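Chain by chain, the residues run as shown.
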Amino acid sequence: LVGSEMCIRDSSNPYQIFLLSIPVILLYIYIPARRSLKGTLITFMFGLSIFIANAIFPSGEVLFKMGPFIIGADSLQRGLGRAMKLITLVLSTKVLLYKFSAEEILNGLRNVLGPVQRLRPVKNFLEIALLSLKALPNIKRELERLYQENCKKGNLTYRVRALSTIIVSVLVKAIERPEDFLN
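This structure is a prediction, so every number in the text was calculated from the model and none was measured.

Rules of the game
Residues numbered from 1 in each chain as written. Predicted model: local features only at pLDDT ≥ 70, side-chain atom pairs only at ≥ 80, totals over all residues. Heavy atoms only, no water. Axes fitted to C-alpha atoms, helices over the stretch in contact; angles between N-to-C directions. Helix = DSSP H or I, 4+ residues; strand = E, 2+ residues; numbered from the N terminus. Parallel < 35°, antiparallel > 145°, perpendicular 65-115°, else oblique. Left-handed = near helix turned anticlockwise from the far one by under 90°. Contact = heavy atoms within 4.5 Å. Core = buried A, V, L, I, M, F, W, Y, C linked by side-chain atoms within 4.5 Å. Buried < 20%, exposed > 50% of the residue type's maximum accessible area, 1.4 Å probe, protein only. Patch = residues over 30% accessible without salt bridge, like charges linked within 9 Å, V, L, I, M, F, W, Y side chains within 5 Å. Areas by Shrake-Rupley, 256 points an atom, 1.4 Å probe, with all protein chains shown as cover. Salt bridge = Lys/Arg side-chain N within 4 Å of Asp/Glu carboxyl O. Lys, Arg positive; Asp, Glu negative; His and termini not counted. Charge placed at Lys NZ, Arg CZ, Asp CG, Glu CD. Expected span 1.5 Å × (residues − 1). 1 Å grid on protein atoms, 1.4 Å probe; cavity = no way out; pocket = protein on both sides within 12 Å on 5 of 7 lines; lining within 4 Å. Points joined across faces, edges and corners; volume = space filled by probe spheres on them. Nonpolar A, V, L, I, M, F, W, Y, C, P; charged D, E, K, R; others polar.

**Student:** Explain the packing of helix α4 (residues 40-55) against helix α5 (residues 73-99) here, please?
**Tutor:** When two helices pack together, their arrangement is given by the angle between the helix axes and by the axis-to-axis distance. Orientation of α4 relative to α5, taken along the N-to-C sense of each, is 160°, at an axis distance of 7 Å. If you check the angle between α4 and α5, you find them roughly antiparallel. As for the relative orientation of α4 and α5, their crossing is right-handed in sense. Contact residues: Thr40, Thr43, Phe44, Phe46, Gly47, Ile50, Phe51, Asn54 and Ala55 in α4; Ser75, Leu76, Arg78, Gly79, Leu80, Arg82, Ala83, Leu86, Ile87, Val90 and Lys94 in α5.

Pasting the structure below:
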């Protein structure tokens, strides 16, 4: 029973994660501001939502109670740890992609996975990852173009519905005709 509890419980310490993320944050400073700030707000908003979602499900000693919302010590620590993991993952990916191209990263992965590359799934994974990385900028441009064309007017609810429709249609198109996005 003790072993199963250890598997379920998130044992990461947010302070350790913060200390591990300091080098990534310091490297992030050296990326030009225009490039580094792009998409950062969304990342931090998503991290904040993860923090809040984990913090409001109480566990451990109750620290704060307001109406139906209870924040416990363990849930606060778990939320902070998970949010820091996400933010560190995104920032380290930005630093990595700033310094190296996607092809260089995949070639490095190919070298690291060299001993097991004879296995077909590893080779297929690397090929699919390379094609995906090449197609993502074109998919992003198509999404931005369709969003600007269709979501100029309307309230937030209308824009969210229109965006979800646009995302689904572009992803279906990318699955049906991937060659359109690889140019």
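**Student:** What exactly am I supposed to notice about the nonpolar core here?
**Tutor:** Across soluble globular proteins, you tend to see nonpolar side chains buried next to one another. If you look at the biggest cluster of nonpolar residues, it comprises 9 residues: Ala135, Ile139, Leu146, Cys151, Ala162, Ile166, Val170, Ala174 and Phe181. Residue assignment for this core shows that the elements contributing at least two residues are α7 (120-150) and α8 (156-176). Considering each element in turn, this core owes the most residues, 4 residues, to α8. Leaving out residues up to four positions away in the same chain, Leu146 has contacts with Ile166 and Val170.

**Student:** Please clarify how a positive patch on the surface should be interpreted in this entry.
**Tutor:** The grouping of Arg34, Lys38, Lys140 and Arg141 at the surface amounts to a positive patch. Within the secondary structure layout, Lys38 lies in the loop between α3 (33-37) and α4.

**Student:** Would you take a moment to explain α5 for this structure?
**Tutor:** Each turn of an α-helix holds 3.6 residues, which means side chains three or four residues apart point in the same direction. Its 27 residues give α5 an end-to-end C-alpha distance of 39 Å, which sits within 8% of 39 Å, the value for a rise of 1.5 Å per residue. Considered for burial, the residues of α5 that qualify are Ser75, Gly79, Gly81, Ala83, Met84, Leu86, Ile87, Thr88, Leu91 and Val95.

**Student:** Which parts of the structure should I look at to understand the side chain of Ser75?
**Tutor:** In this structure, Ser75 sits in helix α5. Setting aside residues up to four positions removed in sequence, Ser75 forms contacts with Asn54, Ala55, Phe57, Pro58 and Ser59.

**Student:** Help me understand the environment of Leu133 in this model?
**Tutor:** Within the secondary structure, Leu133 is located in helix α7. Along the sequence, Leu133 and Ser101 sit 32 residues apart, while their C-alpha atoms lie 9.9 Å from each other. When neighbours within four sequence positions are excluded, Leu133 is seen to be in contact with Ala102 and Leu106.

**Student:** Would you take a moment to explain the layout of surface pockets for this structure?
**Tutor:** Its volume calculated, the largest pocket comes out at about 1200 Å³. Forming the boundary of the largest pocket are 23 residues, of which Lys38, Lys94, Leu97, Leu136 and Lys140 lie nearest the centre. The element that contributes the greatest number of residues to the lining of the largest pocket is α7, accounting for 8 residues. Grouping the constituent residues of the lining of the largest pocket by class yields 13 nonpolar, 4 polar and 6 charged. The computed volume of the second largest pocket comes to approximately 270 Å³.

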